[in-house]
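The residues making up each chain are set out below.
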Amino acid sequence: MDIQYSIQDNRINVLFDRASDSKKDQQLRIEALISFQQIIENEKHLLEPGLFQIICGFLKDSMFEIREWTIDFLEYTFTTCGLNRSLLKDSLGKIIPTVGYTVSFEESTNIVKKAILWNAGVYPLIYERVCENAYDAEQLWSTSTSIKSQIMRYFDSPGTKQGIKICAVKYLQSVIKVQSRHVHDSQVVPQNDISLALCPPSHPILNPLMLEKEAIAIINGLYNLFDKESSIVITAIINALGPVFRSRPQYIYPLIKIVKKWKHNPPDHLPETPLKSAKKAIKIQLTSLLRIPVFESSSFANEIFDSILILGGKNDPMKFPRQYRRLLQQKDGMEDGTRQKVYGAQGSSMLPIDPTQFALPFVVDVIHLALQSIPQERLNQAKQALQQREARLAALRTLPTPPPTNKQERRSRKTLDPRLEFVREATPKSPSPPPVVMTEDEMTLIKTESSNSTQSEDSTIKPEFSPPNLYDDDMEIDDAATVDIEVPQDQQMDVLETENKVDSIPEPEPQPLPPPVPSFKFQPYALPSPETLSDDQCHSFIRNALKNILEIDAMLSPDAKGKRSDVVLTTLSNGKRMSKNQLHMMASRLLTRGLDLSSEKSKKTCDELREMIIQYILEDFKNRTDFALTWFDEEWYHDSIMLSEDPSYKPNYVIWLNRLLDRIMPTLEDRIFFTQFLLNVPELQEDIVDRIKIFLNDPDRMSLGFYTISELINQRPPSRPFCMKILLAYCLHKDIRTRGSAISTANKWFPDHPTIGPNIESFALQSIKQLCDECPPPLFDYHYHVDSVNDPKMIEDENELMKWNNNDVERHLDLFLSICSKKSELFDQLLSIYVKTPESMQMLIRKNAPKMVETVGINGLLNLFLTFPEGAEDFVLKMLVVYTNKQVTPPAQLVNTAKSVIMERNLEGRFLFPIIAFFEKGEIIRNLPKVINTLDATDKQRDIVKKVFLKILTPPPNGTAPITPSELLVSLHQMDKAGISLKQSVEG
Amino acid sequence: MGKTFAVVCASNQNRSMEAHHVLSKCGFQVSSYGTGSAVRLPGPSIERPNIYPFGTPYDLMYQDLYSKDPKLYKQNGLLDMLDRNRKIKLAPEQWSSDAKESFDVIISCEERCYDVICEDMTERGELRNRPAHVINIDIKDNHEDAMLGGRAILQLVQMIDNERITDLDEEMPNILEEWQKKYKYDILHCIAYF
C-alpha cells in the first residue's frame, strides 16, 4: 500500500509501515494495529482527518482480520471514544467513500453488517455537516445518498442475509429520524434533536420536503415488510422504531393500523411462535408509549390502548397506567353485558356509560344516598337557585332562537376522528404541520373522497406542499425522489391537510339549553317496614341464595384463575368491587355466622347447606380448592369463637373436613392440589392425618402419600409428631417397596435437621434394640379405620403369627443401616446389640451382612476389625467373607489389618480362609497348619478347606498364583513338623 | 472471541444465577441481572418477604438470613442458594442500572423480565447501534425448575456459541426450532438494539 504520510508521529509511521506490509506475518500486522489503537486510546489528540483517511485504506486490505479491525476502530472512534464532534464531522469526507465501497463490495457479511451499523451512527453527523456547510459538502452528501440507496436495495435482493437486514433496519431508523420534523409533543428536547428543523430553508443541496417524503416512504416500506419478512426482521423494525415513536409520534398511527388489520388478517407467512414474538414486540412498544407522560393527553393514546387490547393486553392489566386500567375495567364490564356500550362521536375517549340503562331502583338509591349526605341548608340554597334559573329560562324561551350556522351544523354532524384531533392540535404550533403517515389503503380511500369533494369546501386554506405518491409497496426511494413534486395532480397529502384544517378551525360551541327541571317538594323518605317471613320461607330463601352463589361461582371459567389470582365479578352499587374470593367468603359466612342456630330445624338446614357445598366442591375439587379453604377457615374460626363462649359447643370444622376427605380420597389422584389443600387448612388433627394411610397402602398412590406426609412434616410443625409417627412406622413396614419409600423420605432430614434428625436416629436405634427381645414388637396398625383408629382385635390377630424371622430382622435393620451410611460411627451400636442377642438372632443378623458391607464400605470394615467386641468374631468373619467374595482382590490394607488382628487376638484358622489366598508364598506355608487344623473330618469343613486351596492355587487376573500345586502338596506332607496330627494332614 | 450472554430474571438470585453458574462453569462469557425494583427473597410467611436493594452482597444476605432463622432458610434452600451465589459474584445486579455493556444474546427467564429488557433497551435510545437477540424462556421460580431451566439454557447457549455457527442472525431461528424439539418451554424471540 502506498501511503502518503502526513503524520509526524514516528511511532504511528512505524506501526502503519508494519501493518501495511503484506509480506509480514498476519499476527505481526494485527499487533501493529492494536498497538496503534493503544496509542490513540491514550493520546486522542493524534487523530486527525488525514490519519482517518490512511486508516480507511486498510478497509481494502486482503486480510479479513485487518478489515475487521479497521471497521471496529472506526466504530470505536465515532461511538465510544468521545472525540470532538467537529473533528468527526471534518473527517467524514475522508472516510465515507471507502466505507461506501465496503458496503457495496465487501465479501464478509460480518464486515458489511458493521459498516452499515457504523453508517447508522454517523448519518446524523453527515446531515449536520451538510446542513452547516452548504457549499463544500456536495460530494459527502452524494456518497452518503448512494450508500443509502445501496443499503435499501438489500431489502429487494432475495439473497440478502437476515443479519444484513437487521443492520439495515437500524440504519433506516437513523435516516427516518433525521429526515423528519420535530413535533411539539415529542419526548425529545428540540435543541438536542437532529431533525429537518436544522436544515436552512434555501439550502442548495438539501430539500427538506423531499427528505421528509423519503422518510415517509421508508417507514411505509418498512411497514410493508411485515407481510413478507421473517419475525426476526419484523421485531427488529418494531424495536428500532421504538425511539423514533418517542421523538416522532407522527409515525405511530400506521403501526396502529397494522395491528387493527392483523386482528382479522394476521400475516399468514409466519408460524405460530414467530407471530407471537412479533405481536409481543408491538405490544411492548405500544404499552411503553402509553406510559410516557407527554403522550398521556395525546389523541392517539386511546388508539394505542385499543391496539394493545387487540394484541391481548387485556390479560395483563397491570402493565397499563392507572387511567387505562380503569378504562379496561369499564370495557370488561361492557363485554360482560352488564353495561351497554355507547360510543358516541368521540369514540373511545368518551366515558362508555349510558346512564339511561341503569335500573330505576338503583338510581333512586343513589339519589337517596346523595341527598342524605347533603346538609339541609345547602339543599335549600340549591332549591332556590333552581327556581331562579327556571324563571330565567322561561323568560328566554319567549325569544326566537337563531338557526345554526353551516359550520356549526357540519361540525356537530361530523364524527371526530382522533387522528384528525391530533393533527388539529399540532397545527397551530408548527409552521408547516408534519404529514400524518398513512397506509396505502387509507390513501386510496382519501383519493376517492377528494375526487368527490367540491371546491366550495374551504377554498381559503392552501396546502403547504403537494407530495408525490410515497406509499409504494417496495423500498424504491429513488423513484419517489425523482417524481416532480411541483406537479399538483397527486393531491393526497393536500386533501388530507385540507380536511384536517376544516376540522381544526376552532368554532364556538353553541350554548346548550338546560333541561326543564320539574318542580317537586322534598319530603323525608321512609322505608317501609320489612315483611315478616315464616321459618320455611326463610330457609328456602337461604337455600336459594346459596344455590345462586354456587351457580355464579361455577360459571366463572377456571382458566381465569391462573391469570389473575382474584377475579373481579362486578362493581357494586357502592363502588366497591366484588371479587371471587369475596363471593366465597360470603357463602362461608352465611353458613357459620349468618344463621340463627337456636332451633333444631335451623341446624338441619345448616347441615343441608354444608352438604350442598361439599357436593359442589367434590364436583371439581381441583378448581374449587380455594373455595373449600375459605370455607374451612371460616368454620375453624367460628368454632374457636363459639368454644370460647360455650365449651360444650360441638365443633363443625373437624366433622366436615373429615367428611370432605372421606369422599375425595378414594378417587383423588392429583398430588399438588391435595397436598396443598392439607397444607393450607387451618388445623390438622391426628385423625385427619391418619387418612393418609389410605394412600400409603395403595401401590399406585404411595408416592402421593409420602409426598404429602413429607410436606406436612416440613411445613406444618404442629402436626409433625403424629406425621412422624406414621412415617417412622412405615420405615418398619413388611413390604420392601413401601419400607424403602418411607426410609428414603425420612432420610431427607438425617442428619442435618436439628429436631427431626435425632428423632429418626433414636427410632432406628430403638428398632435394632428390639432385636434383643424374644418376640418382635406388635405391628403398627397400618390400616385406616373409619371411626376406630386403634382396633385392638385386628392388631392382636396379626400379632399371633409374629415370630422373629429373616424378614422381621431385615425390616428392623433397614432404617438403621440407611442412617449408618450417613453417620458411620453408629455402626458400633449394632455390634454392641449383636453380642447381647441369642445365637439364633445372631445368625439372622449375619444374613444381612451384604447390606452391611455395602453400608460401611472398606473404611468401616477396617474400623470394625480393629474395634469389634468379644463375641462378635463370627459377625466380623462373615463381613470379611462377604467383602472378599465381592472383590477380586481385596485392598492390601485390609489383608494386612486382618492378618495383624488374627495374630494379636490369636483367632482361629477359619479367619484366614477369606484372606490367605492373598498372602505371599512364605506366609501361606507358615499359616497352612492353622487352616489344616480346622479340619474335623466333616464333609462341610472339608469342602470349605478345599475351596480355600482352590483359591490359593487360582492365579489372579494379572499375575501368577502365589504357590503351585506341587509346592502345596509338599507343604501338606511336611505338616507333621508343625504339630498337625497325621489324620488331619492326610485329610488335607 | 466468543459471544457475550446475559441471563436475566426478577431478583438475580435463583434462575439467572443458576444459569450464570452453569454457563460460567462451561467457560461462556456471561453476566446476570434482575429486573425487579429490589431483591425479594421468601420470608417466614408470604406477607413478610426479605427485601434487599440491588447491590447488597450475597454474603451479607446469607449472614442476615442465617442470623434470622437458620433452620427455616436452610430448609427452604435459600442459604444454599446464597452460598452458591456468593461464590459466583459479589452482589445481585439490576438490569436497568448495572447492565452497562452490550451483549450478543440476552436470555430472560420470565415474560415480565423480557418486557422490561425490550422496553429498557428502547428507552436507552439505541445509540450504540448494536443488535442483540433477546430470548425469553419461561421458567418457574423454584429451585427444581431453575436447575432444569439452567440446563436448558446451557444447551441453547452451546448451540449458539458454536464454531459451526458463522452467522448467528441467519441461524438463530433454526437453533431455536431445534432447541424447542428437546425442551418444551414457551419462548419469545426478538431483535433489540443497544
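The rules behind these values
- Residues numbered from 1 in each chain as written.
- Chains lettered and ligands numbered in written order.
- Predicted model: local features only at pLDDT ≥ 70, side-chain atom pairs only at ≥ 80, totals over all residues.
- Heavy atoms only, no water.
- UniProt positions renumbered as here; feature names shortened; annotations may be inferred.
- Contact = heavy atoms within 4.5 Å.
- Buried area = accessible area lost by both parts, 1.4 Å probe.
- Salt bridge = Lys/Arg side-chain N within 4 Å of Asp/Glu carboxyl O.
- Polar contact = N/O pair within 3.5 Å; in protein donor to acceptor, adjacent residues only side chain to side chain.
- Axes fitted to C-alpha atoms, helices over the stretch in contact; angles between N-to-C directions.
- Helix = DSSP H or I, 4+ residues; strand = E, 2+ residues; numbered from the N terminus.
- Parallel < 35°, antiparallel > 145°, perpendicular 65-115°, else oblique.
- Left-handed = near helix turned anticlockwise from the far one by under 90°.
- Nonpolar A, V, L, I, M, F, W, Y, C, P; charged D, E, K, R; others polar.
- Pairing = 2+ DSSP bridges.

Chain B carries the name RNA polymerase II subunit A C-terminal domain phosphatase SSU72 in an unreviewed UniProt entry, which gives Gigaspora margarita as its organism. The heading Sequence similarities (unreviewed entry) in the UniProt record of chain B holds the text "Belongs to the SSU72 phosphatase family." Per UniProt, the comment on chain B under Subcellular location (unreviewed entry) is "Nucleus".

In the nomenclature of an unreviewed UniProt entry, chain A corresponds to Symplekin from the organism Gigaspora margarita. Database annotation for chain A, UniProt heading Subcellular location (unreviewed entry): "Nucleus".

Before going further, it helps to examine the interface of chain A and chain B. The interface of chain A with chain B comprises 36 residues on the first partner and 31 residues on the second. Here chain A and chain B share an interface that buries about 2,800 Å² over both sides, 53% of which is from carbon and sulfur atoms. Our count for the chain A to chain B interface comes out at six salt bridges. Across the salt bridge formed by Lys280(A) and Asp115(B), the nearest N and O atoms sit 3.0 Å from each other. At the junction of chain A with chain B, the criterion picks out 16 residue pairs in polar contact (both at pLDDT 80 or more).

We now examine the packing of helix α1 (residues 15–25) of chain B against helix α4 (residues 78–88) of chain B. Residue and element names in this part refer to chain B. Here α1 crosses α4 at 50 degrees, and the two axes come no closer than 10 Å. Taken as axis vectors, α1 and α4 run oblique relative to one another. The handedness of the crossing between α1 and α4 comes out as left-handed. Every residue of α4 that contacts α1 at Met17, Glu18, His20 and His21 is listed here: Arg84, Asn85 and Ile88. A class-by-class count of the residues in the contact of α1 with α4 yields two nonpolar, three polar and two charged.

With that settled, the discussion passes to the sheet that holds strand β7 (residues 187–193) of chain B. Residue and element names in this part refer to chain B. Strand order in the open sheet formed by five strands is β2-β1-β5-β6-β7, and the pairing between neighbours is mixed. Single-partner strands in this sheet number two, and they are β2 (29–34) and β7. Neighbour to neighbour, the strand axes of the sheet diverge by 20 degrees on average, direction disregarded. Two elements, strand β1 (residues 4–9) and strand β5 (residues 105–108), share four bridges in a ladder whose sense is parallel. Residue pairing for β5: Val7 is matched across the bridge by Ile107.

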